[in-house]
Amino acid sequence: MSERGSVVWPPTPIKTERLVLRESEARDRAAFIELFASPEVGAYIGGAQPRDELERTRPEVPGRRFGLFVIELHGSMIGMITLDQRDAERPGHVRPDGGETELGYLFLPHAWGRGYAAEACVATLGWFADALPGEPVVLCTQAANVRSMRLAAKLGFIEVERFEEYDAEQWFGVWHSPSPPGLTDNVA
């Protein structure tokens, strides 16, 4: 168990209509390897990684860390969502000193096009808004990644800027959680 500020990790698993968002387990190792070895998944994140290297280097329980949710459908991992601190040295920030929480997601190709990413991201953002009310979340994706751009818009991310990174145009947006109750009440 670890914590960031007042947020204890891992949280109780989050259940949506079709999915469970939970901490990584040993049974997820094969799906993690498949995810990172997939040429389709790697298309916008620097390419697929060699399967033999992944088999050799992935720990028995991969992905067990603060901010990483395994996305489970019918008892099997279909993807992952991350909430990481954006590196202050990278371009794209909404705060002068950086340190924003960045949403990331990867899904196995067989899970694409079924609304699972939107469902899991909405649940993750809801959990985040409850855990850290008022904190912004940022998202960065290649502008050429049409699916990811559509998902960012559907989730309510607003474009902040575009820039070149990794030899490609990057889209950078921000999502603001609803204000905690009482902060906007009694406004004249």
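Residues numbered from 1 in each chain as written. Predicted model: local features only at pLDDT ≥ 70, side-chain atom pairs only at ≥ 80, totals over all residues. Heavy atoms only, no water.

Peer 1: Would you mind going over unusual backbone geometry with me for this structure?
Peer 2: In terms of backbone geometry, most residues other than glycine have negative phi values and most peptide bonds are trans. The residue after Trp-9, namely Pro-10, is reached through a cis peptide bond having omega 0°. The residue Pro-10 is located in the loop between strand S2 (7–9) and strand S3 (14–15) in this model. Positive phi is not limited to glycine here, since His-74 has a value of about 50°. Position of His-74 among the secondary structure elements: in the loop between strand S5 (68–73) and strand S6 (76–85). Although it is not a glycine, Asp-167 sits at a positive phi angle of roughly 60°. Mapped onto the elements, Asp-167 comes out in the loop between strand S9 (158–165) and strand S10 (168–176). (Helix = DSSP H or I, 4+ residues; strand = E, 2+ residues; numbered from the N terminus.)

Peer 1: Can you walk me through the sheet that holds S10 in this structure?
Peer 2: Working definition: the strands of a sheet are paired by backbone hydrogen bonds and lie parallel or antiparallel to each other. With mixed pairing, 8 strands are arranged side by side in an open sheet as S3-S4-S5-S6-S7-S8-S10-S9. The open sheet terminates on both sides in strands that have one partner only, identified here as S3 and S9. Packed onto the sheet, helix H4 (residues 116–131) meets S3, strand S4 (20–22), S5, S6, strand S7 (101–107), strand S8 (136–142) and S10 and runs at close to 155° relative to S7. This element, helix H5 (residues 146–155), spans S7, S8, S9 and S10 of the sheet and lies at about 160° to S8. (Pairing = 2+ DSSP bridges. Contact = heavy atoms within 4.5 Å. Axes fitted to C-alpha atoms, helices over the stretch in contact; angles between N-to-C directions.)

Peer 1: Quick question: what am I supposed to make of the packing of aromatic side chains here?
Peer 2: Describing an aromatic ring pair means giving the distance of the ring centres and the angle of the ring planes. In this structure the tally under the stated criterion is 5 aromatic pairs. Taking the centre distance of 4.9 Å and the plane angle of 65° together, the rings of Trp-9 and Phe-69 count as edge-to-face. You can see Trp-9 sitting in strand S2 and its partner Phe-69 sitting in strand S5, a full 60 residues away along the chain. In this structure Trp-9 comes out as buried when scored by relative accessible area, which is 2%. The class for Phe-69 is buried, based on a relative accessible area of 1%. Taking 5.5 Å as the distance between ring centres and 80° as the angle between the ring planes, the aromatic pair formed by Trp-9 and Trp-127 counts as edge-to-face. (Phe/Tyr/Trp six-rings, centres within 6.5 Å; stacked < 30°, edge-to-face > 60°. Buried < 20%, exposed > 50% of the residue type's maximum accessible area, 1.4 Å probe, protein only.)

Peer 1: Looking at this model, I keep getting lost on the nonpolar core. Mind explaining?
Peer 2: General note: in soluble globular proteins, nonpolar side chains tend to be found buried as a group. The biggest cluster of nonpolar side chains holds 34 residues, and the ones touching the most others in it are Phe-69, Ile-71, Leu-103 and Phe-157. Elements with a minimum of two residues in this core: S2, S5, S6, S7, H4, S8, H5 and S10. For this core, the element with the highest residue contribution is H4, accounting for 9 residues. Beyond its immediate chain neighbours, meaning those up to four positions away, Leu-103 contacts Ile-81, Thr-82, Leu-83, Cys-121, Thr-124, Leu-125, Val-137, Val-138, Leu-139, Leu-155 and Phe-157. If you look at the next biggest cluster of nonpolar residues, it comprises 14 residues, including Ala-31, Val-41, Leu-68 and Val-70. (Core = buried A, V, L, I, M, F, W, Y, C linked by side-chain atoms within 4.5 Å.)

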